[in-house]
Amino acid sequence: MTNYTLSLAWRLFRHETKRGELTIILLAIILSVASVLSLSLFSERLKYALTEKSAEFIAADRVLESNKPVDLAWIEKAQEMGLNTAHQTYARSMVFANEQMDLVDLRAADTGYPLKGTVKVADEPFTQGIAIDRLPTSGEAWIESQLFQTLAISVGDNIEVGDKIFRVSKVLTEVPDAGFSVFGGDPKVLISKMDLAATKVEGPGSRIDYSYFFTGDSGDLDDYYDWLEPQLDNEIHDWDSVEDDESGIGRAVGRAGQYFLLASLLAIVLAAVSIAVAAQRYSMRHYDPVAIMKTLGAPKKMVQQIYLLQILFITALGITIGVILGFVIQQLVVLAIAGKVDVSVDVWHWRPLIIAIFTGTVCAVLFSLYPLMKLFSVSPLRVLRRDLGANLSSRLIQFVASGGAIFLLMWAYSQNIKVSAILFISGIILVVSLFGVTYGLIWVGRKLGQGKMGAWQLAWARIHRRAMDNSVQLISFAVTIMLLLIVLVMRNDMVQQWQDQLPQGTPNYFLVNISQAQQPNLQQHFVTNQVEIDKFYPVVRGRFVAVNDEKVRTAVSKEDPDEQSNGRDGLGREANLTWSNTLQKGSEVMAGKWLGENNNSDTAAQRPFEVSIEEGIAERMQLGLGDKLTFNIGSEIVDLNVTSIRNVNWQSMQPNFFFVIEPRALQNFIPTYISSFNLPTERKSDITQLMQPFANVTLIDVDARINQLRSIVDQVSMAVEFILILVLAAGALVLIAQVQASMDERQQELAILRTLGAKGRLIRASVVFEFIIIGVVAGAMAAVANEFSLYMLQTQIFQMPASLHLEYWIIAPLAGALVVGILGALGCWRLLSLNTSQLLRQMV
Amino acid sequence: MTPTTMIKTNGISKTVTTTQGQLQILKPISFEVKAGESIAIVGASGSGKSTLLSLLAGLDEVSEGEIYIDGQAMQNMDEEQRAQLRGAKVGFIFQSFMLVQSLTALENIMLPAEIAGHHDAKKRALDILELVGLDHRASHYPNQLSGGEQQRVAIARAFISKPKILFADEPTGNLDADNSDKIEKLLFELNQNSHTTLVLVTHDPVLASKCQRQLHMQAGELTEVFPTPSIEQAARKVG
């Protein structure tokens, strides 16, 4: 490369930048880099913040769960690798006090626990807890409120756990890793790890689980897992992170992460589209200079170098400004939401920066490839024959280069071929079908528009004459609108679903053990105290003993373990059995038929009793339709036939049951009832008074857990909202770039019409009509394509129920017409503000 | 071919493919132009003048025949070699000026010298800019100049590399009478001073008459017009 080439390229670049020739392409690159950087930096920070927050729900970044103590060397290795560790042992054990007893969830923690989140305690049962930065000392036990009730004790009393006596010094109100299943857990008792051995609860047949907690740099954690993984046994060990958490938190964070990914991918596509539009325009504006240079004897290589250098200069400048702008935007968003979402700006993430620079470069190079190739093919003969364009016109190259670039970017960015492929294939189908539709519409429109030359006819004539250009333009509008719709609708559906899970008034207290006699009084008492109480569910407790006459292992029993070792695992505790004729809200029969719906010719009396089981337990215990389950209820044995498998929404915070039995099977048993109610946190102090007449009724307080869940869902929703705004802004800029570019092509025609004496009003109206037509058609096509893409995304990626969004079939064309029409009018207004001679001169 | 022959064509023709089949837009043409000579190619619009110019300048390829420019056979050259030849020996002036809009007047003039790799491009450009009387407009962009000024810049650009041949396509076609006169004057003056061979395409008989020879193009055929009006049948076919 000669110095002249470099200097000429630099001079052209400088002048063109100064004269605004490069503004559009430069803006497109800036936009792509800025939107990708701000979106991905923000989402990375947000993800970090949310993961940090969610990590509190497992009390660490990673947890190794095991049903046997692990080799100490594993923990030492983790510490060597710079990780913080803590340990907790869980045992199901009976506690005794005042000749009362209850089965509890005994937790013996070492001093490191919890690595994330806090333990909260109170001095009185059923009162608001406050965070405490220590754990029970030796001989001390902290127990949950309901246990005070069951055991009829107060703070300061003693309880007996196994062989050791503990003094109850605090009410345990919250532990970070409490989990979210309301009835899955027994009341918790927290003791020091030092005291565990003395209780002697560990022993043959006992059910003990060990949790090892780890926190540290995510790279170190991954390295540690790489080291640990080969030594893990799937039967014994389970490695968990918050993403694996099934509690809705993990799912919400996971889904939000996918949404950010999707939004960023779409932002990349938007930016790519705007670069393609701008590069096309740039190329066409340089046909003349290339022809001139070639005529004056410039070798092809020199011309290529000059323009490639210019692209390089533009890319470098665009990336620099884009990075600064992207960083500023992101910082502003973080500032704007400070206090609502706790996003830390202290942690710097390199990946978004690298991705942004990579995006800018790939977009600039690959999307300008075809326009540049066209530019290089311009014949010098153009100096004499002005109508000569580029010799190269293979849209195939353009589609392959652009499509390849988009796919490459999506894949590189998401590292998820499924998401990339779904979006990409939807895009291809969209583009191909849009071409067909566009051509059809343009043809029909022209037929309709023939006749007198009004603004309407002029608009159609213009659309028709540049059918190919217009198809490309129409499709780029449609794709832009579709991408915005996807981001908008996904956000609405997702946030709606989250909010539906925890609507206002979600029960935050559960009542268990209500006797049949108490039930009407309790209901009346609650009404008097203006607390709305939910439905009462009858419950009998039963021990699950056999499947198809084969005994299952009952882990809590201390019978000879060898004798039962071949059997299936039982539940490990008594199950709550309920009966009902109706399927609970939020449940769905996945296999078989709901109780009593089987077309059985036998009379009810002859039929075996039916049971509906929850799908998770069916899977875990390998139960299927037609299996015979045997329960020991009271002292009676009851056989039940599995006739349906249900899914249950455990996140609904409603009483849910593994087993629902047809009513006639349990008519001889006296049930207790469970129910739930909602009491606002500020009325928490009313609890004592509310529960006083019903001393035997157990109260389970999930208020803290619901608040935790709600706060994280609110934060995620809020974050999603901001991401949406960022993408909408990116989309709007792309639309402006597109209108601007197409306005350029209209300049010549406007100048001619102006010269011929057409009134400004006619010209303006015709341009606005043209853009309105394009906006309506693009909006309509986008709405159709949006349904398809959403269906694929929701069912394949987000694991959400797919739904139709008919309202957008109307909103999208209207919004398209409005936005594109207004942008067209503004662009046109700028052109018409120039006088005819200026217009003509600009055309030279 | 004598050394003084600058352009020699031997039965060159141009055929293009249209939807109706092959169309010969230039019938076989043979003629010579001597070094320093000025010729005008005249004819109505669409007669093939510009096509002939594009072939002579190596902007387009002949379908048949041979063209020699300063002794070099152009029909055997590829696009790159033709560009090199243009850069070394040919200058151009166009009806629509064809200046690079994003370069200043001075930079437009420097362009051919820079492409050819001349170290003193700027000095040469400044000198010639002064010669065409536009030294005060050096840093102006084309759209800040009048039509006449733009064409003067184009003339300066054409002469900067001291070309052996200058092709001018309707150089005054876009100018008013006053500017046309000035441009014509400048063009012939520079042409004479630098002993350049001038091939001028025009439909303006006055401008054509200022050239030493006139070739008349009609429906793709070229005939030479002798300036003596008394010889009525002077026109002879040169093809």
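Draft legend 1. Structural view of the overall build of chain A. A tally of helices and strands in chain A yields 22 helices and 23 strands. Buried residues in chain A amount to 44% of all 844 residues. Of the contacts formed within chain A by residues at least 6 apart in sequence, a portion of 83% connects residues at least 24 apart.

Draft legend 2. Quick look at the packing of helix α4 (residues 121-131) of chain B against helix α5 (residues 147-160) of chain B. Residue and element names in this part refer to chain B. Between α4 and α5, whose axes approach to 10 Å, the crossing angle comes to 135°. Here α4 is positioned oblique relative to α5, judged by the angle of their axes. Seen along the crossing, α4 lies across α5 with a hand that is right-handed. Residues Arg 124, Ala 125, Ile 128 and Leu 129 of α4 touch α5, and the partners they reach there are Ala 156, Phe 159 and Ile 160. Along the lines of polarity and charge, the residues of the contact of α4 with α5 split into six nonpolar, no polar and one charged.

Draft legend 3. Geometry of unusual backbone geometry. A:Tyr113 connects to A:Pro114 through a cis peptide bond whose omega is -10°. The phi dihedral of A:Ala152 is positive, around 55°, even though this residue is not glycine. The exposure class of A:Ala152 is partly exposed, given the 13 C-beta atoms found within 10 Å. If you check the backbone angles, B:His195 has positive phi at about 55° while not being a glycine. Position of B:His195 relative to the elements: it lies in the loop between α6 (177-194) and β8 (197-202). Judged by the 10 C-beta atoms lying within 10 Å of it, B:His195 is exposed.

Draft legend 4. View of the interface of chain A and chain B. Taken residue by residue, the interface counts 27 residues in chain A and 26 residues in chain B. Contributing elements (two or more residues each) for the side of chain A that touches chain B: α1 (3-18), α8 (287-295) and α9 (300-337) of chain A. For the side of chain A that touches chain B, the residue count by class is 15 nonpolar, four polar and eight charged.

Draft legend 5. Structural view of the packing of α5(B) against α6(B). All names here are of chain B. Here α5 crosses α6 at 10°, and the two axes come no closer than 10 Å. The angle between the axes of α5 and α6 places the two elements in the roughly parallel class. Along its contact with α5, which presents Gly 147, Gly 148, Gln 151, Arg 152, Ile 155 and Phe 159, the element α6 presents Asn 179, Lys 182, Ile 183, Leu 186, Leu 187, Leu 190 and Ser 194. The residue makeup of the contact of α5 with α6, split by class, is six nonpolar, five polar and two charged.

Draft legend 6. Geometry of the environment of A:Leu270. Residue and element names in this part refer to chain A. Following the sequence through the fold, Leu 270 ends up in helix α7 (residues 249-285). For Leu 270 and Val 479, which are 209 residues apart along the polypeptide, the C-alpha to C-alpha distance reads 8.4 Å. What Leu 270 contacts, discounting residues up to four positions off in sequence, is Thr 480, Leu 483, Ala 730, Gly 731 and Val 734.

Draft legend 7. Here's a closer look at the environment of A:Ser587. Residue and element names in this part refer to chain A. For Ser 587, the position within the fold is in the loop between β16 (575-579) and β17 (588-592). Residue classification places Ser 587 among the buried positions, given that 21 C-beta atoms sit within 10 Å. Residues Ser 587 and Glu 614, spaced 27 residues apart in sequence, show a C-alpha to C-alpha distance of 9.3 Å. In this structure Ser 587 touches Arg 646, Asn 647 and Val 648, once residues within four positions along its chain are discounted.

Draft legend 8. Examining the pairing of β8(B) more closely. Residue and element names in this part refer to chain B. Among the six residues that make up β8, six are buried, leaving the element largely enclosed by the rest of the structure. Residues Thr 197, Val 199 and Val 201 line one face of β8 and the alternating positions Leu 198, Leu 200 and Thr 202 line the opposite face, and both faces are buried. With five bridges connecting them, strand β3 (residues 38-43) and β8 associate as parallel partners. Residue Val 42 lies in a different strand from β8, and its bridge partner there is Thr 202. In terms of strand pairing, strand β7 (residues 165-169) meets β8 through five bridges, oriented parallel. Bridge assignment links Leu 166 to a residue of β8, and that residue is Leu 198. In this region the chain leaves β7, passes through α6 and returns to the parallel neighbour β8; the handedness of that crossover is right-handed.

Draft legend 9. Molecular detail of the sheet that holds strand β1 (residues 5-18) of chain B. Residue and element names in this part refer to chain B. Read across the open sheet, the four strands follow the order β2-β1-β4-β5; overall the sheet is antiparallel. Looking along the sheet, the strands with just one partner apiece sit at the ends: β2 (21-34) and β5 (72-73). In this structure, strand β4 (residues 64-69) lies alongside β5, joined through two bridges in antiparallel fashion. Note that in β5 the partner of Ile 69 across the bridge is Gln 72. Of the strands in this sheet, β1, β2 and β4 touch helix α1 (residues 49-56), which is tilted by about 120° from β1.

Draft legend 10. View of the nonpolar core. Residues and elements named next belong to chain A. If you look at the biggest cluster of nonpolar residues, it comprises 241 residues, and the most contacted ones within it are Ile 29, Leu 266, Ala 271, Ala 272, Ile 275 and Ala 478. Ignoring sequence-local partners within four residues, the contact set of Ile 29 consists of Ile 275, Ile 314, Thr 315, Gly 318, Ile 319, Gly 322, Gly 360, Cys 363 and Ala 364. Counting residues in hydrophobic clusters, the runner-up holds 45 residues, among them Leu 151, Val 175, Leu 196 and Tyr 224.

Draft legend 11. Focus on the pairing of strand β4 (residues 119-122) of chain A. All names here are of chain A. Residues Val 119 and Val 121 of β4 are buried on one face, while the alternating residues Lys 120 and Ala 122, pointing to the opposite face, are not. As defined by bridge partners, β4 adjoins strand β5 (residues 130-132) across three bridges and the pair is classed as antiparallel. The residue of β5 that forms the bridge with Val 121 is Ile 130. Where β4 and strand β8 (residues 164-174) come together, three bridges link them in antiparallel fashion. Each bridged residue has a counterpart across the sheet, and for Val 121 the counterpart in β8 is Leu 172.

Draft legend 12. Representation of the confidence of the model for chain A within the structure. Summarising the model, chain A shows a mean pLDDT of 78, and 83% of its residues fall at 70 or more. Counting contacts from residues 555-566 of chain A, a segment whose pLDDT is below 50, to residues more than four positions away or on other chains yields 13 contacts.

Draft legend 13. Just the confidence of the model for chain B, in detail. All names here are of chain B. This prediction gives chain B a mean pLDDT of 85; 93% of its residues lie at or above 70. Low confidence marks residues 228-239, where pLDDT is under 50. Its contacts with residues over four positions away, or in another chain, come to 20 contacts. Model confidence for the complex is summarised by a pTM of 0.65, with the ipTM given as 0.89.

Draft legend 14. The arrangement of α1(A) in detail. Residues and elements named next belong to chain A. Given a rise of 1.5 Å per residue, 16 residues ought to cover 22 Å, and the 22 Å separating the end C-alpha atoms of α1 matches this to within 8%. Within α1, the full set of buried residues consists of Tyr 4, Thr 5, Leu 8, Ala 9, Leu 12, Phe 13 and Glu 16. Viewed along the axis of α1, the buried residues span an arc of 165°, placing them on a single side of the element. Set apart from the buried face of α1 by more than 90 degrees, the exposed residues are Asn 3 and Lys 18.

What counts as what
Residues numbered from 1 in each chain as written. Chains lettered and ligands numbered in written order. Predicted model: local features only at pLDDT ≥ 70, side-chain atom pairs only at ≥ 80, totals over all residues. Helix = DSSP H or I, 4+ residues; strand = E, 2+ residues; numbered from the N terminus. Buried ≥ 20, exposed ≤ 12 C-beta atoms within 10 Å, placed from the backbone. Contact = placed C-beta atoms within 7 Å. Axes fitted to C-alpha atoms, helices over the stretch in contact; angles between N-to-C directions. Parallel < 35°, antiparallel > 145°, perpendicular 65-115°, else oblique. Left-handed = near helix turned anticlockwise from the far one by under 90°. Nonpolar A, V, L, I, M, F, W, Y, C, P; charged D, E, K, R; others polar. Pairing = 2+ DSSP bridges. Right-handed = clockwise from strand over helix to strand, strands pointing away. Core = buried A, V, L, I, M, F, W, Y, C linked by C-beta atoms within 7 Å. pLDDT = per-residue confidence, 0-100. Expected span 1.5 Å × (residues − 1). Arc of directions from axis to C-beta.

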